[in-house]
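Below, each chain spelled out in residue letters.
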Amino acid sequence: MTVLPDDGLPLAAEFPDATREQWQSLVAGVLRKSGREVSGPAAEDALSTTLQDGLTTRPLYTAEDAPGHGGYPGFAPFTRGGRPEGGTVSGWDVRQRHARPDPAATNEAVLADLANGVTSLWLVVGSAGVAVSSMAKALDGVYLDLAPVALDAGDQFDGAARELLRLYDERGMPRHEARGTLGADPVGQLARTGRETDSHTGEAAELAALCHRDYPGLRAITVDALPYHEAGASDAQELGCSLATGVGWLRDLTAAGLSAEAACGQLEFRYAATADQFLTIAKLRAARRLWARVAQVCGAGTAGAQRQHAVTSSVMMTRRDPWVNMLRTTVAALAAGVGGADAVTVLPFDHALGLPDAFAGRIARNTSTILLEESHLGRVIDPAGGSWYVERLTDELAHAAWAWFQEIERAGGQRAALRDGLIGERIAATWESRSGRLARRRESITGVSEFPQLSQPQVERDPAPAPLGGGLPVVRRDEAFEALRARSDAHLATTGARPRIFLAALGPAAAHTARAAFAAGLFGAGGIEPVHDPVSVDADTAAGAFTRSGADIACLCSSDALYAEQAGPVAETLKSAGARRVFLAGRPGELRETWLQAGVDEFVAAGDDAVAVLTSVLDRMGVA
């Protein structure tokens, strides 16, 4: 066997280093072919993507883009993780949410979860879940020393916490073995309902002092950022609100007699994980870095490792084609794990429809199990660390969040900023901007705004308890399209058929397929059934095909070249056959007036406000 000498030859040493300028020159050459004359940094800018919070994703990252050393796992600033240990199978705490009001049904689901991979319970108590008086029944047979409980009891947090502590004592569990979170969250209640009693802060502080003194493994307070995410906040806004809430609790708890270190130890932070995996990874990493800075300033640097509970986003969940939610939550859970969350909750794919069934719950818990046991995602700490893109995104997101946090502090803190409307107004503006992108389908929703399945029956679930309102709104990405689909459903129930549009495809498939697919997806997103039969029509066959389709509107679909030849005659034929409105898929260009005179009423193209177009179409069709 020949042993090659180790002469220290670096990989690819025989090749000269490529420069960023060379790469930009190559990009400019490609863009020039598409008619865009740019060069240098402008060529790179042309491929960049603008995100919320003033952030930009670049097409290329190099070592010079990295913000500097991010530290080590388990050490300040904790960007790379709050714990130093790695290489274990455990990874993160698999925390399943339970919100059924029936304690027997909750108990059955809880025991099934614990027997199949779940490691802690997120129990909703009070008006939105099981009654405080029924907690014992819901947790019957649960080994509380092995299964930590995180409570979510709204304004009944004190009673729920005392009942859980009573169960610990009743079942003879040593107090030092108790694990979990009591879930005191008055600020979150203020955000959700617009109401907060003065006694709640004092009750939460008493629970924190009790846990610090007698239950060292329990945390009393949840800093819940979900109300802001669910109202439409950006990632930086979600982070800034959580920081301001956490700082407010440090003030309250130290005023109640706890040290800064002890106060930090009583907080658990809850964040949303979305299908935008890189932003989720960066958000969790930035959150730890920011909180470490807060702890450092407060003189509690050694206690600055933020405890994080990540929950897959409810905003991204859809009611139509809900099976696609399995894919969204898988990506979100992966991002939460890679981002270093201590506990991860995967919401069931039917969460937006009501209370989940057993199958949905099983898929949710098995998502984490596969990521941990089969993908071994928990064996590596901060696997995204060192990525120039992730490190830069983490840094930029941290700075944007810190600026928003400082603005909240200048307004008097989180409670004051909620009460005077600053937070609500800023989040509303962010959601309005995002809603515009959703309406124009620049942010796609698979199964809803893209590739809708009109023939798929609606999935039915038992209704979930209605959440208390009065505070920040609760939004979903699909809400505008859901309203359109609901109109179509009502029309179907009344008439036995959905509203239809005839796709008048001109020429061979190669000429019309792209625009026919675009039109089918566009109108299908509004619940308007596209009829594409026959495959192609002309001025002689369009009238008969339109009449057979049962539609009363039509859309021309083809290439620009064939439009110039056939659009006018076919539009005239469709109008004479009774078409109330004729659309043309594509930009009209110089022939706009010609086609309008021939009978084309409207033009639809990528980037248009799809919600506005579809609303207008349904209105004209008389779909109430």
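Worth saying up front: this structure is predicted, and the values here are computed from it rather than measured. (Residues numbered from 1 in each chain as written. Predicted model: local features only at pLDDT ≥ 70, side-chain atom pairs only at ≥ 80, totals over all residues. Heavy atoms only, no water.)

Q: Please set out the overall build of the protein residue by residue, giving values where relevant.
A: In terms of regular secondary structure, the protein is built from 22 helices and 15 strands. Against the globule reference of 25 Å for 624 residues, the protein gives a C-alpha radius of gyration of 28 Å, in line with a compact fold. Overall, the C-alpha framework of the protein stretches about 85 × 75 × 60 Å when taken along its three principal axes. Expressed as a percentage of the 624 residues in the protein, the buried residues total 52%. Long-range pairs, those at least 24 residues apart, make up 77% of the contacts in the protein with a sequence separation of at least 6. Surface exposure of the protein reaches about 26,800 Å², of which carbon and sulfur atoms provide 54%. (Helix = DSSP H or I, 4+ residues; strand = E, 2+ residues; numbered from the N terminus. Rg over C-alpha atoms; globule rule 2.2 N^0.38 Å. Buried < 20%, exposed > 50% of the residue type's maximum accessible area, 1.4 Å probe, protein only. Contact = heavy atoms within 4.5 Å. Areas by Shrake-Rupley, 256 points an atom, 1.4 Å probe, with all protein chains shown as cover.)

Q: Before we move on, can you summarise the sheet that holds strand 6 (residues 180-184) with the specific residues and values?
A: The sheet built from eight strands closes into a barrel, its strands ordered 3-4-5-6-7-8-9-10 with parallel pairing. The average angle at which neighbouring strand axes cross in this sheet is 30°, direction not considered. The pairing of strand 4 (residues 120-124) with strand 5 (residues 149-152) spans four bridges and is classified as parallel. Paired with Leu-123 across the two strands is Leu-151, which belongs to strand 5. The strands touched by helix 7 (residues 198-214) are strand 6 and strand 7 (218-224); relative to strand 7, the strand with the most contacts, the crossing angle is about 140°. Sheet contacts for helix 11 (residues 277-297): strand 8 (267-273) and strand 9 (308-312); angle to strand 8, the most-contacted strand, approximately 160°. (Pairing = 2+ DSSP bridges. Axes fitted to C-alpha atoms, helices over the stretch in contact; angles between N-to-C directions.)

Q: Tell me about helix 12 (residues 325-339), and please be specific about residues and values.
A: With 15 residues, helix 12 should reach 21 Å at 1.5 Å per residue; the first-to-last C-alpha distance of 20 Å fits that figure. When we look at burial in helix 12, the residues that qualify are Asn-325, Arg-328, Thr-329, Ala-332, Ala-333, Ala-335, Ala-336, Gly-337, Val-338 and Gly-339. Of the surrounding elements, those touching the buried residues of helix 12 are strand 8, helix 11, strand 9, strand 10 (343-345) and helix 13 (358-374). Phi turns positive, to about 95°, at Gly-340, one or two residues after helix 12. (Expected span 1.5 Å × (residues − 1).)

Q: Any chance you could break down the side chain of Asp-158 for me, citing the residues and the numbers?
A: Here Asp-158 shows up in helix 5 (residues 157-170). With near-sequence residues (within four places) excluded, Asp-158 lies in contact with Glu-203 and Leu-207.

Q: Hey, could you go over the packing of helix 11 against helix 12 for me, with residue numbers and the actual values?
A: The contact between helix 11 and helix 12 brings their axes to 8 Å, and the two run at 30°. In terms of crossing hand, the pair formed by helix 11 and helix 12 is right-handed. Touching Gln-277, Thr-280, Ile-281, Leu-284, Arg-285 and Arg-288 of helix 11 are Val-331, Leu-334, Ala-335, Ala-336, Val-338 and Gly-339, all from helix 12. Of the residues contributing to the contact of helix 11 with helix 12, the split by class is seven nonpolar, three polar and two charged. (Left-handed = near helix turned anticlockwise from the far one by under 90°. Nonpolar A, V, L, I, M, F, W, Y, C, P; charged D, E, K, R; others polar.)

Q: Describe the sheet that holds strand 12 (residues 529-531), naming the residues involved and giving the relevant values.
A: Within the open sheet, the five strands sit side by side as 12-11-13-14-15. Their pairing is parallel. The open sheet has two edge strands, strand 12 and strand 15 (602-604), and neither has a second partner. Averaged over neighbouring strand pairs, the angle between their axes works out to 30° when direction is ignored. Note: strand 14 (residues 581-585) against strand 15, three bridges, orientation parallel. When the sheet's bridge partners are listed, Phe-583 is paired in strand 15 with Glu-602.

Q: Any chance you could break down the packing of aromatic side chains for me, citing the residues and the numbers?
A: Two aromatic rings are characterised by how far apart their centres lie and by the angle between their planes. Going through the model one piece at a time under the given rule, you end up with ten aromatic pairs. Judged by centre distance (6.4 Å) and plane angle (15°), the rings of Phe-269 and Tyr-271 are stacked. Owing to a relative accessible area of 1%, Tyr-271 belongs among the buried residues under this scheme. Judged by centre distance (5.9 Å) and plane angle (70°), the rings of Phe-349 and Phe-359 are edge-to-face. In this pair, Phe-349 sits in the loop between strand 10 and helix 13 while Phe-359 sits in helix 13, placing the two residues ten residues apart along the sequence. Positioned over the ring face of Trp-122 is Arg-97, at 5.4 Å from the centre of the ring. (Phe/Tyr/Trp six-rings, centres within 6.5 Å; stacked < 30°, edge-to-face > 60°. Lys NZ or Arg CZ within 6 Å of the ring centre and 35° of its normal.)

Q: Residues and numbers for helix 13, please.
A: Between the first and last C-alpha of helix 13 there are 23 Å, a value that for 17 residues agrees with the 24 Å anticipated at 1.5 Å per step. Here helix 13 has its buried residues at Ala-360, Gly-361, Ala-364, Arg-365, Thr-367, Ser-368, Leu-371 and Leu-372. On its buried face, helix 13 sits against strand 3 (93-98), helix 3 (103-114), helix 12 and strand 10. The first or second residue beyond helix 13 is His-376, which carries a positive phi of 55°.

Q: Would you mind going over the environment of Leu-182 in detail, with residue names and values included?
A: Mapped onto the elements of the fold, Leu-182 is located in strand 6. Separated by 17 residues in sequence, Leu-182 and Leu-165 have C-alpha atoms that sit 9.2 Å apart. The contacts of Leu-182, once residues within four sequence positions are left out, are Leu-151, Ala-161, Leu-164, Leu-165, Leu-207, Cys-211, Leu-218, Arg-219 and Ala-220.

Q: Report on the pattern of salt bridges, specifying residues and quantitative values.
A: When the charged atoms of two side chains with opposite charge come close together, those side chains can pair. With the rule as written, the count across this model stands at 50 salt bridges. Between Arg-20 and Asp-65 there is a salt bridge, with the nearest N and O atoms lying 3.3 Å from each other. With Arg-20 in helix 1 (residues 20-33) and Asp-65 in the loop between strand 2 (56-57) and strand 3, this pair connects stretches of sequence that are 45 residues apart. The class of Arg-20 is buried, set by a relative accessible area of 18%. By relative accessible area, which is 13% here, Asp-65 ends up buried. Each of Arg-20, Glu-44, Asp-45, Arg-58, Glu-64, Asp-65, Arg-392 and Glu-396 takes part in one network of salt bridges that share partners. (Salt bridge = Lys/Arg side-chain N within 4 Å of Asp/Glu carboxyl O.)

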